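Inside the fold
Residues per chain are reported as follows:
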Amino acid sequence: MSLIGMLIPTEVVQPCIAELGELGKVQFRDLNPSVNTFQRKYVSEIRRLDEMERQCRFFQAQLQKSEIPVRPLTAATYRSRARSAQEVDDLEENLKEFEARIVQMNSSYENLQRRYLQLTEMRHVLRESSEFFKHTDEVRPEERRSLDEQDVSAPLLENDVEQANFDSENLSLGSITGVIARSRIQIFERVLWRSLRGNLYIKSAEIDEPIVDPDTDSVVDKNAFAVFAHGAEVVAKIKKISESLGATLYPVDDSQDKRRDRLLEVTSRIEDLNNVLASTNQTRRSELLKIADNVTAWTTIVRKEKAIYHTMNLLENDGNRKWARAEGWCPTNDIPLVKQAVDDATAASGTGLPVKIEELDTKKKPPTYHRTNKFTEGFQGIINAYGTARYREVNPGLFTIVSFPFLFAVMFGDIGHGAIMFLIAIYMCWNEKKLAQDKGEIFSMFFSGRYMILMMGLFSIFTGAIYNDIFSLSLNIFKSGFDLPSNYTSFETVEAIPNGNVYAFGFDPAWHGSENFLLFSNSYKMKQAIVIGVLHMTFGVCLNVFNHVYYRRKAFIWLEFIPHILFMESIFGYLIFCIMYKWSVNWWELDSAGHHIRNAPPNLLNMLIYMFLSPGKVNPEDQLFPGQGPVQAVLLMIAVICVPWMWFGKPLYLKREASKHHYSSVAADDQENEVQVAGSSNVEEDDEEEEEFDFSEEMIHQTIHTIEFCLNCISNTASYLRLWALSLAHAQLSSVLWDMTLAIWFNMTGPIAVIGLVMGFAMWFTLTLVILLCMEGLSAFLHALRLMWVEFDGKFYHGDGIAFEPFTFSTVLEDKPE
């Protein structure tokens, strides 16, 4: 990674930045950190482009609302050149004209829809009013009773304040008609009855035609109603209650002839309005079709121009505004590409003005950039989720390609399940161009890790072959190492006899179905997990050497790496040796007299415990190999010596180096100033100040680190036992699923067995996909992820670097969530 400086003539700044945005290889630095965001040079242009982007979003929303497809982004549009100021002005005017027309059409269309809604509701009120008025004529006022059971005994007009000074017999019957939402009709009736104490007559009918609300574009079910009551004040109160509950009132004449004439008039106006609505909608749709052909190109241009101006605000301009100075990080191997892109931009502009590009010497921390492809991208994403590597720090992403799928497969080992996962990944890889268009959030996560799933399935087939496990069954490919008696029944317990043969690869199939299979497989998988874990962590500790060598801290190899590796290997490396040695010895070998040559195999866990409790002493009955006691005493002594070595070595060394640096700093500063004055024009000043060394703080830090490392050696080793636990759980769950869904039908015959097998297979396959592949697979994935992050990366990987984020249009043009 190199820091480059560019001197760009003002006339070609925009095309040069645009070309670098297409290339995506430069991360620009802000050369105006003290200038407020709103006081920078191109703020007005950015605000104008913000408004243009808003207009494009408005067009896209209108197209989506009208269900009009948008022309997709083409390669020519994506690689479009930087636009001149005149072209941006023309685009701005074009967008304003289209927006004004669409807004005007929307307003007219909404007004017409509201008028259509009113006429439609009026038509239904007029249709139902004849029936309402017919019933009213048949009902006598003195026969009305309240529907409210709590007010049954309440008088209707007696002692009513509003009717105190009026003679009810001389009053005419008033009516209020309108429509109200069907969900509120019961509330409406109850409020009226209680407010007026039953001094009214109400009638309602459902409107069968769907009513579309122009404000929300949703269908609302409504009822037409008519309320009859005596007195102007009562009628006024009914109107207020109706309006408060969202009802729309429509006056209706008492004369039947006038209502009929009014209905004919409203029906005629609805037909005319339908024609106007259709014409307006067609005109609006044709306008949106024109926009649909260009809105993607407009959005692309606007977003690119906005990103260009944002980047130009990071540049430093000279006083005469003839040159603009830019600085940015760029991969060293890509500097020729950057120069070529800038030369192409200046040549295309026709100005012939040169752009000066040079590498700058700096002590600033460069950002970290890892080149990936579609295969390694998913694995590197796992590491980036833990943390971005320091510049030139050992990248665990390379080792993750193998170690992560393998750790997953140790827990998920099954030939059948691994094959299904492998085939799914093969399908996604084979059809990746088509499937890449699916933007679903969950599917995108799986699709981005398709090659990871491919490796996980492949390694699961391998470990499944070692376990000799395929859907909880075994494969008898090679000759077994055990012979069973020829005559026995399925109810008898028999003992297999070793025949001297060794099964060529993986578990001997004779173990499957035996009573002590779980005991055998548990012992093997537990020890296997310990061996894998210690080797994995040892490899992580060894990677520290490369970091120390690159960062010129070779003394740390003696002060950190060697005590770390000695401490770990003297205890847990010795444990691995004991496991391997115990596997390699035939503990049941007999001599010529038929007596056992060796004692019973010792318990390794007890051996490790007594290694600390009784240093140098081993019970002869529990002895693993001759001379075991002295060997353990020496290893324990090495582990004890490594603790103060780790604790005090590094702080004392740093204190001595700090003292040397303190006495030599003045001379070094003077020499550096002389070099700068001598004419090194391409030296970038270092803004980062070196922290002052504090011995007490370093001792505290090293104490915590020493305690953490010693305890982590134990806890992390135990953490790898999850490989054994999840492998056991997966195998047992697979076995139970097979026995409960398919195996129960194999002992039956006839049609019931056929039907049972079909149903059992469907259930078995479904549960295999849902439980074993999805749920168990996700569980194994998370556990393998924890082992990679904590137990492996934690041994050497700091992950506190700065990610390389170049200026590129590919990220600018991504769909932004609304």
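Residues numbered from 1 in each chain as written. Predicted model: local features only at pLDDT ≥ 70, side-chain atom pairs only at ≥ 80, totals over all residues. Heavy atoms only, no water.

A few points about the overall build of the protein chain
- Counting its secondary structure elements, the protein chain contains 24 helices and 13 strands.
- Counting every position in the protein chain, which comprises 818 residues, the buried fraction comes to 42%.
- Expressed as a percentage of contacts within the protein chain between residues at least 6 apart in sequence, the contacts between residues at least 24 apart total 81%.
- Total accessible area on the protein chain stands at roughly 46,300 Å², and carbon and sulfur atoms take up 57% of it. (Helix = DSSP H or I, 4+ residues; strand = E, 2+ residues; numbered from the N terminus. Buried < 20%, exposed > 50% of the residue type's maximum accessible area, 1.4 Å probe, protein only. Contact = heavy atoms within 4.5 Å. Areas by Shrake-Rupley, 256 points an atom, 1.4 Å probe, with all protein chains shown as cover.)

Brief notes about the packing of aromatic side chains
- Scanning the model with the defined rule gives 42 aromatic pairs in all.
- Summarising the aromatic geometry, the rings of Trp-647 and Phe-648 are spaced 4.8 Å apart at their centres and angled 20 degrees between planes, so their arrangement reads as stacked.
- Owing to a relative accessible area of 36%, Phe-648 belongs among the partly exposed residues under this scheme.
- Above the face of the Phe-447 ring, Arg-450 is positioned so that its terminal group lies 4.2 Å from the ring centre.
- Over the ring of Phe-695 we find Lys-655, and its NZ or CZ is 4.8 Å from the ring centre. (Phe/Tyr/Trp six-rings, centres within 6.5 Å; stacked < 30°, edge-to-face > 60°. Lys NZ or Arg CZ within 6 Å of the ring centre and 35° of its normal.)

So, the confidence of the model for the protein chain
- Per-chain confidence: the protein chain averages 83 in pLDDT, with 89% of residues scoring 70 or above.
- Counting interchain partners and residues more than four positions distant, the pLDDT-below-50 stretch residues 139–171 has 37 contacts.
- Here residues 672–687 is a poorly scored stretch, pLDDT under 50, and it has 19 contacts once near neighbours within four places are set aside; other chains count. (pLDDT = per-residue confidence, 0-100.)

Overview of the pairing of strand 7 (residues 222–230)
- Burial within strand 7 is extensive, with nine of its nine residues counted as buried.
- Going residue by residue along strand 7, you find Lys-222, Ala-224, Ala-226, Phe-228 and His-230 tucked away on one face and Asn-223, Phe-225, Val-227 and Ala-229 tucked away on the opposite face as well.
- Inspection of the sheet shows strand 4 (residues 201–206) paired to strand 7 by six bridges, in the antiparallel sense. In the sheet register, Ile-202 faces strand 7, and the bridge partner there is Val-227. (Pairing = 2+ DSSP bridges.)

Re unusual backbone geometry
- Positive phi, close to 55 degrees, is recorded for Phe-471, a residue that is not glycine.
- Structurally, the position occupied by Phe-471 is in the loop between helix 15 (450–467) and strand 12 (482–483).
- Non-glycine residue Ser-472 carries a positive phi angle of around 70 degrees.
- Ser-472 gets classed as buried once you look at its relative accessible area, which sits at 16%.

Section: the packing of helix 11 (residues 397–412) against helix 15
- The interhelical angle for the contact between helix 11 and helix 15, taken along N-to-C directions, is 50 degrees, at an axis separation of 8 Å. Of the possible angle classes, the one that applies to helix 11 and helix 15 is oblique. When the axes of helix 11 and helix 15 are compared, the crossing they make is right-handed. Contact residues: helix 11 offers Ile-401, Val-402, Phe-404, Pro-405, Phe-406, Phe-408, Ala-409, Val-410 and Phe-412, while helix 15 offers Met-452, Met-455, Met-456, Phe-459, Ser-460, Thr-463 and Tyr-467. (Axes fitted to C-alpha atoms, helices over the stretch in contact; angles between N-to-C directions. Parallel < 35°, antiparallel > 145°, perpendicular 65-115°, else oblique. Left-handed = near helix turned anticlockwise from the far one by under 90°.)

What about a nonpolar patch on the surface?
- A cluster of nonpolar residues, Phe-462, Leu-475, Ile-477, Phe-478 and Phe-505, forms a patch on the protein surface that exposes about 460 Å² of accessible area.
- Along the chain, Leu-475 falls in the loop between helix 15 and strand 12. (Patch = residues over 30% accessible without salt bridge, like charges linked within 9 Å, V, L, I, M, F, W, Y side chains within 5 Å. Salt bridge = Lys/Arg side-chain N within 4 Å of Asp/Glu carboxyl O.)

A short note on empty space enclosed by the protein
- Overall, the coordinates contain one cavity of 30 Å³ or more when judged by the stated rule.
- Taken as a whole, the largest cavity holds about 30 Å³ of empty space.
- Lining the largest cavity we find Met-411, Phe-412, Gly-413, Tyr-467, Asp-469, Lys-525, Ser-727, His-730 and Ala-731.
- Secondary structure elements with two or more residues in the lining of the largest cavity: helix 11 and helix 22 (722–741).
- When residues of the lining of the largest cavity are assigned to their parent elements, the largest contribution, three residues, is made by helix 22.
- Grouping the constituent residues of the lining of the largest cavity by class yields four nonpolar, three polar and two charged. (1 Å grid on protein atoms, 1.4 Å probe; cavity = no way out; pocket = protein on both sides within 12 Å on 5 of 7 lines; lining within 4 Å. Points joined across faces, edges and corners; volume = space filled by probe spheres on them. Nonpolar A, V, L, I, M, F, W, Y, C, P; charged D, E, K, R; others polar.)

A few points about the pairing of strand 1 (residues 2–9)
- Taking burial as the measure, the eight residues of strand 1 include seven buried ones, the bulk of the element.
- Pairing geometry for strand 1 and strand 10 (residues 323–330), over eight bridges, is antiparallel. Residue pairing for strand 10: Pro-9 is matched across the bridge by Trp-323.
- Here five bridges tie strand 1 to strand 11 (residues 356–360), and the two strands are oriented antiparallel to one another. Across the sheet, Leu-7 pairs through a bridge with Lys-356, a residue of strand 11.

Concerning the nonpolar core
- In this structure, Phe-404, Leu-407, Phe-408, Phe-567, Tyr-574, Leu-604 and Leu-723 are the most contacted members of the largest nonpolar core, which totals 87 residues.
- Examining the composition of this core, we find that 13 residues originate from one element, helix 18 (residues 555–584), more than from any other.
- In contact with Leu-407, not counting residues within four places along its chain, are Ile-532, His-536, Leu-723, Ala-784, Leu-787 and Met-788. (Core = buried A, V, L, I, M, F, W, Y, C linked by side-chain atoms within 4.5 Å.)

Focus: the environment of Met-312
- For Met-312, the location among the structural elements is in helix 8 (residues 295–312).
- Separated by 271 residues in the primary sequence, Met-312 and Lys-41 have C-alpha atoms spaced 8.5 Å apart.
- What Met-312 contacts, discounting residues up to four positions off in sequence, is Val-13, Gln-14, Ile-17 and Tyr-42.

Notes on the packing of helix 1 (residues 13–23) against helix 9 (residues 335–349)
- Contact pair helix 1 / helix 9: the axes reach a minimum separation of 8 Å and the direction vectors enclose 140 degrees. Here helix 1 lies oblique to helix 9, going by the angle between them. For the element pair helix 1 and helix 9, the recorded crossing hand is right-handed. Seen from helix 1, the contacting residues are Pro-15, Cys-16, Glu-19, Leu-20 and Leu-23; seen from helix 9, they are Leu-337, Val-338, Ala-341, Val-342, Ala-345 and Thr-346.

Regarding the pattern of salt bridges
- Applying the stated rule across the entire model yields 26 salt bridges.
- The residue Glu-327 makes a salt bridge to Arg-325 at a minimum N-O spacing of 2.5 Å.
- With relative accessibility at 2%, the residue Glu-327 sits in the buried group.
- Assessed through its relative accessible area of 32%, Arg-325 is described here as partly exposed.
- Measuring nitrogen to oxygen at the nearest pair gives 2.7 Å for the salt bridge that ties Lys-374 to Glu-432. In this pair, Lys-374 sits in the loop between strand 11 and helix 10 (377–386) while Glu-432 sits in helix 13 (residues 432–435), placing the two residues 58 residues apart along the sequence.
- Note on Glu-432: relative accessible area 14%, which makes it buried.

Topic: the environment of Thr-280
- You can see Thr-280 is positioned in helix 7 (residues 256–292).
- Considered as a pair, Thr-280 and Asn-106 are 174 residues apart in the sequence and their alpha carbons are 9.2 Å apart.
- Discounting residues that sit within four places of it in the chain, Thr-280 has contacts with Met-105, Tyr-109 and Leu-112.

Comments concerning the side chain of Lys-795
- Here Lys-795 shows up in the loop between helix 23 (751–792) and helix 24 (809–812).
- Salt bridges are absent for the buried Lys-795, whose nearest opposite-charge side chain, Glu-791, sits at 6.6 Å.
- Polar contacts involving the side chain of Lys-795 include one to the main-chain carbonyl oxygen of Glu-791, which spans 3.3 Å.
- Setting aside anything within four residues of it in sequence, one finds Lys-795 in contact with Met-537, Gly-540, Val-541, Asn-544, Met-568 and Asn-716. (Lys, Arg positive; Asp, Glu negative; His and termini not counted. Polar contact = N/O pair within 3.5 Å; in protein donor to acceptor, adjacent residues only side chain to side chain.)

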